[in-house]
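Architecture at a glance
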Amino acid sequence: MCASAKYNTRGPALIPRMKTKHRIYYITLFSIVLLGLIATGIFQFWPHSIESSNDWTIEKRSVHDVPVVKLPADSPIPERGDLSCRMHTCFDVYRCGFNPKNKIKVYIYSLKKYVDEYGTSVSNTISREYNELLTAISDSEFYTDDVNRACLFVPSIDVLNQNALRIKETAQALAQLSRWDRGTNHLLFNMLPGGPPDYNTALDVPRDRALLAGGGFSTWTYRQGYDVSIPVYSPLSAEVDLPERGPGPRRYFILSSQMSLHPEYRSELEALQAENGESVLILDKCTNLSDGVPAVRKRCHRNQVFDYPQVLQESTFCVVLRGARLGQAVLSDVLQAGCVPVIIADSYILPFSEVLDWKRASVVIPEEKMPEMYSILQGVPQRQIEEMQRQARWFWEAYFRSMKAIALATLQIINDRIYPYAAISYEDWNDPPAVKWSSVSNPLFLPLIPPQSQGFTAIVLTYDRVESLFRVITEVSKVPSLSKLLVVWNNQNKNPPEESLWPKIRVPLKVVRTAENKLSNRFFPYDEIETEAVLAIDDDIIMLTSDELQFGYEVWREFPDRLVGYPGRLHLWDHEMNKWKYESEWTNEVSMVLTGAAFYHKYFNYLYTYKMPGDIKNWVDAHMNCEDIAMNFLVANVTGKSVIKVTPRKKFKCPECTAIDGLSLDQTHMVERSECINKFASVFGTMPLKVVEHRADPVLYKDDFPEKLKSFPNIGSL
Amino acid sequence: MQTRKKYIFLTLLASWLLLFFFAGERLLRFTSFSERKTEAQRNWPHWTDQSLLKSFADPEELQSDGDPSVPSPRERRAAQLSIYKNSRCRMETCFDFSRCEKHGFRVFTYPRHRDQPISESYSKILTSIERSRYYTPNPEEACLFILSIDTLDRDHLSGQYIHDVDEKIQGFPLWNSGRNHLIFNLYSGTWPNYTEDLGFDIGQAILAKASFYTESFRPGFDISIPLFPKDHPQRGGERGWLYQDSVPPKKKYLLVFKGKRYLTGIGSGTRNALHHIHNGKDIISLTTCKHGKDWERHKDTRCDKDNVNYEKFDYQELLHNSTFCIVPRGRRLGSFRFLEALQAACIPVLLSDGWELPFAEAIDWGKAAVVGNEKLLLQQQTQFLWDAYFSSVDKIVHTTLEIIRDRLLQHRSRSRVLWNALPGGLLALPDFSTHLGDFPFYHLQRGSSPSKRFTAFIRVTSMEGSLSQPILRLIQAVSRSQYCAQILVLWSSEKPSPPRGKWPQTTVPLTVIQGRSKVSDRFFPYAAIQTDAVLSLDEHMSLSTSEVDFAFVVWRSFPERIVGFPAQSHFWDAEQRRWGYTSKWTNELSIVLTTAAFYHRYYHSLFTQYLPAGLRELVDGLAACEDILMNILVAAVTKLPPIKVAQRKQHKEAVPQQVGREDGDAGMPLAGEWSPSPPWSPPAKGKGTASGRHLSQQQDCLDQLVDWFGYMPLVSSQLRLDPVLFKDQVSILRKKYPLLDKP
């Protein structure tokens, strides 16, 4: 009703116009219709030529609908795996070549169905997990479809579970891969190696030089630096969602959840339980479950039924015993539950042990020591247990949780070997995100006290106060350890004074002219700075005594990775305003020093100029303020250490600066500085500044001792 | 007209609808064509039926793998013992752990025989073991055995080659086919193949060998050690050459190599290839063909020119001034160059395929030995590794022993962090704790901080048997500190300690520990000490609550150092050519007396467990030596000076003694022209022979400690930390620690 009404109202207005121009209108309309029809026609017939037929067939491809390859009975079999293989002997690194991204290129063979002479298939086509793994690789940045550019080849022949294979035929299938070449640069993934009765610890399929990513290696079959030890994936991870549980004491101390343990192990575990009572819980398969309940999701102790894997979250330690194989899927479940695994499997190579530090997430106990397990675990400090619980969960999340995680970690390990200079560090592999976030790695970590003889370079930032500048130069030149003086002339409109007018001083004096009047010029890493120590000093700071400056330098030598300055400042949390506040009053604490006169390492000039996070640098230049606060933030953030305030000095008061309505100026100043702190804290994402209650004075400061014998008698005033 | 228009309109609409019906789908496909293009390239498609795929293993199969009945674990282990022997040895098959259970990790060295020649290097190794805290002269107690036969040089062309080793070792009753033995070797094999062969059967012994080839290396069993020269210092060792972190870490040369070029034979390929990179400017690669007797017979066209170039550069100069150093293999895989480069902070670039890097079980070489973008970090890392593990024979041998010890008690062994972060694995004892936060060193890396309370630890030695006024006052002052968790009194007097009721009432728990009258007891790691911080006190000490509070707050900023009140210093006595010791007031300090100092409780463990018993006996025998030893120990760990904090009035013992001291202490860093700092004493009160004897004992103590450590670990400081408003002329009401200002 409504629509027709609308149409009616619109109708009369439209028709009169059509009347006048109807011919042109019809022609246009018809031509459009005609064009449309032609276009449709083209689309109907063209696609077969422009869209690769591949695309459309792939879309509809099924794993059962792949090319069939027949393996003659006499087709070649690769040699058995070579135990002496190492990267430099069996791997062709030249295929990987120089690569600006430092990423290896991985090629995946397309899926085929292999049958023997009689047409019987060699194996199940592909398992869900192996498909997930290959999909993850093909979606990753390692993947290439160009077989000629590839450095690593992954067959699509699924060997995850040896039990599902016909060994000889699988080997033959491998050997006829197009780039097999004795298995060089080929990577096989296997999680369940061996079979009855021996249960070898590596895949039995002859594979010549191929790398093996295997779950369940022993130290005798694992080729260190060549093979990769991977976990046995637990499909339960995808089925069950176990939310992370906070670390802390749990109901049980030790839990064993594995089914079909060897009776010998079980009796040892039961002996432990008998000795230690309730805190040890030994579970087994349930015998009297009603139909329809999956046996794998339940565990029993006597008549008590527990949900698996949820019960794992109830224990501090969870036993992971070897079975017929060394690698156990239960390890993955245990880690997921944030339970600390107690690994009892002699000679087992733990998953990703090349990069993961398992001592931080697990306890490894020799089989012989099983009876002592309880006392050994009692000896683990409580704080460490909590850390291990977190670490276990983190390992699961990062490296166990999915086939994708396993695949990518494996490729990354191989990548790290080929491009070792771009390798991921120990910290990146092992530190959980929370630790990565709160920890610092100091770029100047070596405890060195630089030699005094090197001295320091003073950098004076000036605009046009020549008279004051010259006084500063004269004063600073009296400091014994000064080795060079650098004047940064920040005024583009005026030339610096003639050379003859400058004060004559005993050390080299250089003037650097800048292109723009920016505050950040003071923190530029000029090539002229040849010493480690830099003294940043304003062109009006003439009140510092020579002793004061020299002492500052000596203190800096003892703390070369910190800012060492004179007046200290503090940041405070303003509870009313709910933000940070800048404080320059007479406080008992210090968290910043002013860089109107401060010593620091030249390295921080690099950081300030090139590594300052966010837009802080531009912000400082635009506001012409807070460069010192920015420097304090930067140094504290990268070193995790506090500043050092030296000597009693609290203010830079110069005779020339008369107190022009100090109060109001002061207040706007404070507001601006507070704003800076809030801005920087949000850019850094944290408050890096450290508050301390101390300052550094000479050893004999104010001591009852003849002044003339003190090293720094004239240490200055407030 | 109107109906016709309507009709046309309808036709139009209908045809457009038709068009969309046929072409719309296609059009949509066309817009997403670019996406599909990449999809089309994938060799690995998303299968239509991937959700129907079966899992690689049945859940039941995964959770209970295999047939559990055979073989029984015990049988399997027994079978392994017989299979995995000799070249396939692992700790669990070739090492008898039971020998280490009763007495712990004890190492025995076979007695040396006069008629057995021993090379200088091997004798240093044996000395190192005998100096170690694990040494035992009793083979019954031993867990690990070291031969007295020199096995370092097994090149039978060498003069130091020992013949008939096989026969000799078979004659040792303790040999037991090499079980629990550790064999050191630097050179194996000989011309032309330089194989890994030692010329005798090592059986099941652990091999600690230089230039280890990965293929013959038994992982988790053998240990790769660095090749070190025979003049490598026994103890202490030179420090690295990086005295400062220069920025940019640019040096004169980028990459250098200077060495022999083998004309034929094994290893010649690697070094032959190096001449291409030489550009005479920042990349220097120099080789000489002069090697062996008949080099001229093999010489090639390049030799003469190379030989001339070779003489133009000094090796030491190159090492000092290069960022990277090539460490190519020689005849064997390792070379002296490796340690030389580490010491020189020249980042080693390794060209030695298949070399099992030294101590790779513990050291993360990825951090130091390859090209990284952060050269400054790498240079510092070389210095850390050099100083922690390689600078002396002691360090090399002790690292070897610690690695083996870590294998015995897996659950009490060092994680990789302990090995690869300052101060290094030798100084981080897993016996103390395996939790990183319990140590003073790793707070920054972990983003944690030490605990907020401290334990006051007061040692009482007075002969009276009752409590004197000063000690009562001290207990009261300390217990009033807001940070004090508990007070421990170590009663080291021969008289029995006063009964419970005689002790003052305090708000914090007070515990009395009965001690022996040994001084070294004061640094025993008592289980009662639960906090990270220990405030070590003497009964004669007089401190106020403010002083304690302030010092503790300072300590929390420097948990790895000693933070305390009375200080003393060492100096280089140029005339007597030795380190001197003074308790006079000077402008510097390097020792903070442990009669009133905060430090981390870990140092109690280090003092008692890391130092050999001999040093503790020395401390017990000499007066006031324990302060020096504790300070030296902490300085050796941290390489940093202690921290002195503000003190209200001078401590009694700090009243300096007037003892003559030579002038001209040029060793004091500050003694420059502008601030002469001659030694000075305020008017002496307690001048007498007693204090003189005291000082000579301390001098004696210092001499012996420097000798044991092999160098002078103490570091001087010129500063004292005071409260921010200390003695400032502002209202006392503003000050947090007003009492400190009082004279």
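Residues numbered from 1 in each chain as written. Chains lettered and ligands numbered in written order. Predicted model: local features only at pLDDT ≥ 70, side-chain atom pairs only at ≥ 80, totals over all residues. Heavy atoms only, no water.

**Some remarks on the overall build of chain B**
When you go through chain B residue by residue, the secondary structure sums to 22 helices and 20 strands. Within chain B, contacts between residues separated by at least 24 positions form 74% of all contacts whose residues are at least 6 apart in sequence. Carbon together with sulfur atoms contributes 53% to the accessible area of chain B, which is approximately 31,200 Å² in total. (Helix = DSSP H or I, 4+ residues; strand = E, 2+ residues; numbered from the N terminus. Contact = heavy atoms within 4.5 Å. Areas by Shrake-Rupley, 256 points an atom, 1.4 Å probe, with all protein chains shown as cover.)

**Side note on empty space enclosed by the protein**
Counted according to the given criterion, the structure contains 13 cavities of 30 Å³ or more. Estimates place the volume of the second largest cavity at around 120 Å³. Taken together, G568, R569, S584, E585, W586, T587, E589, V590, K645, K650 and K651 of chain A together with V724 of chain B make up the full set of residues lining the second largest cavity. When the residues that make up the lining of the second largest cavity are grouped by side-chain class, the tally is three nonpolar, three polar and six charged. (1 Å grid on protein atoms, 1.4 Å probe; cavity = no way out; pocket = protein on both sides within 12 Å on 5 of 7 lines; lining within 4 Å. Points joined across faces, edges and corners; volume = space filled by probe spheres on them. Nonpolar A, V, L, I, M, F, W, Y, C, P; charged D, E, K, R; others polar.)

**Regarding the sheet that holds strand β16 (residues 578-582) of chain B**
Residue and element names in this part refer to chain B. An order of β16-β15-β17 is seen for the three strands of this open sheet, with the pairing classed as antiparallel. The open sheet has two edge strands, β16 and β17 (591-592), and neither has a second partner. Two elements, strand β15 (residues 567-573) and β17, share two bridges in a ladder whose sense is antiparallel. The residue of β17 that forms the bridge with A567 is V592. (Pairing = 2+ DSSP bridges.)

**Observations concerning the environment of A422 of chain A**
Relative to the elements of secondary structure, A422 of chain A occurs in the loop between α12 (403-418) and α13 (426-430). On a C-alpha basis, the gap between A422 of chain A and F142 of chain A in space is 15 Å, while along the polypeptide they are 280 residues apart.

**Points about the packing of helix α13 (residues 375-390) of chain B against helix α14 (residues 393-408) of chain B**
Residues and elements named next belong to chain B. One can describe the packing of α13 onto α14 by two numbers: an axis separation of 7 Å at closest approach and a directional angle of 80 degrees. In terms of their interaxial angle, α13 and α14 are classed as roughly perpendicular. The residues of α14 that touch α13, namely those facing D387, A388, Y389 and F390, are K395, I396 and T399. Residue composition of the contact of α13 with α14, grouped by class: four nonpolar, one polar and two charged. (Axes fitted to C-alpha atoms, helices over the stretch in contact; angles between N-to-C directions. Parallel < 35°, antiparallel > 145°, perpendicular 65-115°, else oblique.)

**Comments concerning the interface of chain B and chain A**
On the side of chain A, 165 residues touch chain B, which itself brings 147 residues to the contact. Note on chain B versus chain A: buried area summed over both sides is about 13,800 Å², and carbon and sulfur give 58% of it. Area buried by chain B at its contact with chain A is led by W44, F56 and Q63 of chain B, which between them contribute 7% of it. Across the chain B-chain A interface, the total number found is 53 residue pairs in polar contact (both at pLDDT 80 or more). The biggest single contributor to the side of chain B that touches chain A is helix α1 (residues 2-31) of chain B, with 15 residues. Of the pairings in the sheet, the one linking strand β25 (residues 694-698) of chain A to strand β20 (residues 719-723) of chain B comprises five bridges and is antiparallel in character. Directly across from H694 of chain A, in β20 of chain B, lies its bridge partner P723 of chain B. (Buried area = accessible area lost by both parts, 1.4 Å probe. Polar contact = N/O pair within 3.5 Å; in protein donor to acceptor, adjacent residues only side chain to side chain.)

**Side note on the UniProt feature "domain: Exostosin GT47" (unreviewed entry) in chain A**
Under the UniProt annotation, "domain: Exostosin GT47" (unreviewed entry) lies at residues 101-379 of chain A. The distance separating the terminal C-alpha atoms of residues 101-379 of chain A is 46 Å; by composition the span is 19% helix and 18% strand. (UniProt positions renumbered as here; feature names shortened; annotations may be inferred.)

**Description of the sheet that holds strand β21 (residues 579-583) of chain A**
Within the open sheet, the three strands sit side by side as β21-β20-β22 (chain A). Their pairing is antiparallel. This sheet does not close on itself; its edge strands, each paired only once, are β21 and β22 (592-593) of chain A.

**Observations regarding the nonpolar core**
One finds F184 and F390 of chain B to be the most contacted residues of the largest nonpolar core, which totals 89 residues. Setting aside residues up to four positions removed in sequence, F390 of chain B forms contacts with P226, H232, L339, L342, P358, F359, I363, W365, L385, K395 and I396 of chain B. Grouped together as the second largest cluster of nonpolar side chains are 85 residues, L192, Y233, L236 and V334 of chain A included. (Core = buried A, V, L, I, M, F, W, Y, C linked by side-chain atoms within 4.5 Å. Buried < 20%, exposed > 50% of the residue type's maximum accessible area, 1.4 Å probe, protein only.)

**Details of the pairing of strand β8 (residues 252-256) of chain A**
Residue and element names in this part refer to chain A. Most of β8 is tucked away, with five of its five residues classed as buried. Where β8 meets strand β9 (residues 280-282), three bridges bridge the pair, whose relative direction is parallel. Paired with S256 across the two strands is I282, which belongs to β9. Considered for its hand, the β-α-β crossover made up of β8, helix α8 (residues 263-276) and β9 is right-handed. (Right-handed = clockwise from strand over helix to strand, strands pointing away.)

**Things to note about the side chain of N307 of chain B**
Here N307 of chain B lies in helix α10 (residues 303-312). Here T288 of chain B takes part through its side chain, which lies 3.1 Å from a polar atom of the side chain of N307 of chain B.

**Overview of the confidence of the model for chain B**
Residues and elements named next belong to chain B. Per-residue confidence for chain B gives a mean pLDDT of 84, with 86% of residues at or over 70. For chain B, helix α2 (residues 33-41) is the element with the lowest average pLDDT, namely 47, and strand β18 (residues 596-600) is the one with the highest, namely 97. Contacts from residues 31-40, a stretch scored under 50 in pLDDT, to residues over four places away or in other chains number nine contacts. pLDDT under 50 marks residues 651-688. Its contacts with residues more than four places away, or in other chains, come to 68 contacts. (pLDDT = per-residue confidence, 0-100.)

**Quick look at unusual backbone geometry**
Cis geometry is found at the peptide bond from Y308 of chain A to P309 of chain A, where omega equals 5 degrees. Topologically, P309 of chain A is positioned in the loop between β11 (304-307) and β12 (315-321). In this structure, P423 of chain B follows L422 of chain B across a cis peptide bond, with omega equal to 0 degrees. As for its placement among the helices and strands, P423 of chain B is situated in the loop between α15 (416-420) and α16 (443-446). Here F352 of chain A, not a glycine, exhibits a phi torsion of approximately 50 degrees, which is positive.

**As for the pairing of strand β8 (residues 322-328) of chain B**
Within a regular beta strand, the side chains point alternately toward one face of the sheet and then the other, so they alternate between its two faces. All names here are of chain B. Taking burial as the measure, the seven residues of β8 include seven buried ones, the bulk of the element. In terms of strand pairing, strand β6 (residues 253-260) meets β8 through three bridges, oriented parallel. The residue bridging L255 from the neighbouring strand is F324, located in β8. Note that β8 and strand β9 (residues 347-351) share five bridges and pair parallel. Residue pairing for β9: I326 is matched across the bridge by V349.

**Points about the packing of aromatic side chains**
The description of an aromatic ring pair rests on the distance of the ring centres and on the angle between the ring planes. All names here are of chain B. Throughout the structure, instances matching the rule amount to 65 aromatic pairs over all chains. A ring pair is formed by F95 and F97, whose centres lie 5.6 Å apart and whose planes are at 65 degrees; its orientation type is edge-to-face. Residues F108 and Y110 carry aromatic rings whose centres are separated by 6.0 Å and whose planes lie at 50 degrees to one another, so their mutual orientation is tilted. Feature note: the residues F338, W355, F359, W365, F384, Y389, F390 and W419 constitute an aromatic cluster, connected by ring pairs. (Phe/Tyr/Trp six-rings, centres within 6.5 Å; stacked < 30°, edge-to-face > 60°.)

**A few points about the environment of S449 of chain B**
Residue and element names in this part refer to chain B. Relative to the assigned elements, S449 resides in the loop between α16 and β10 (454-460). Residue classification places S449 among the partly exposed positions, given a relative accessible area of 46%. Along the primary structure S449 and L198 are separated by 251 residues, whereas in three dimensions their C-alpha atoms are 51 Å apart. Those residues within four positions of S449 in sequence are excluded, and the remaining contacts are H443 and R556.

**Remarks on the state of the cysteines**
Residues and elements named next belong to chain B. Throughout the structure, instances matching the rule amount to ten disulfides over all chains. The residue that forms a disulfide with C89 is C94, at a sulfur-sulfur distance of 1.9 Å. Looking along the S-S bond of the C89-C94 disulfide, the torsion reads about -80 degrees, which is the left-handed sense. The same class applies to C89 and to C94, which are both buried. Two residues, C289 and C303, share a disulfide whose sulfurs are 2.0 Å apart. An S-S torsion of about -100 degrees defines the bridge between C289 and C303 as left-handed. (Disulfide = S-S within 2.5 Å.)

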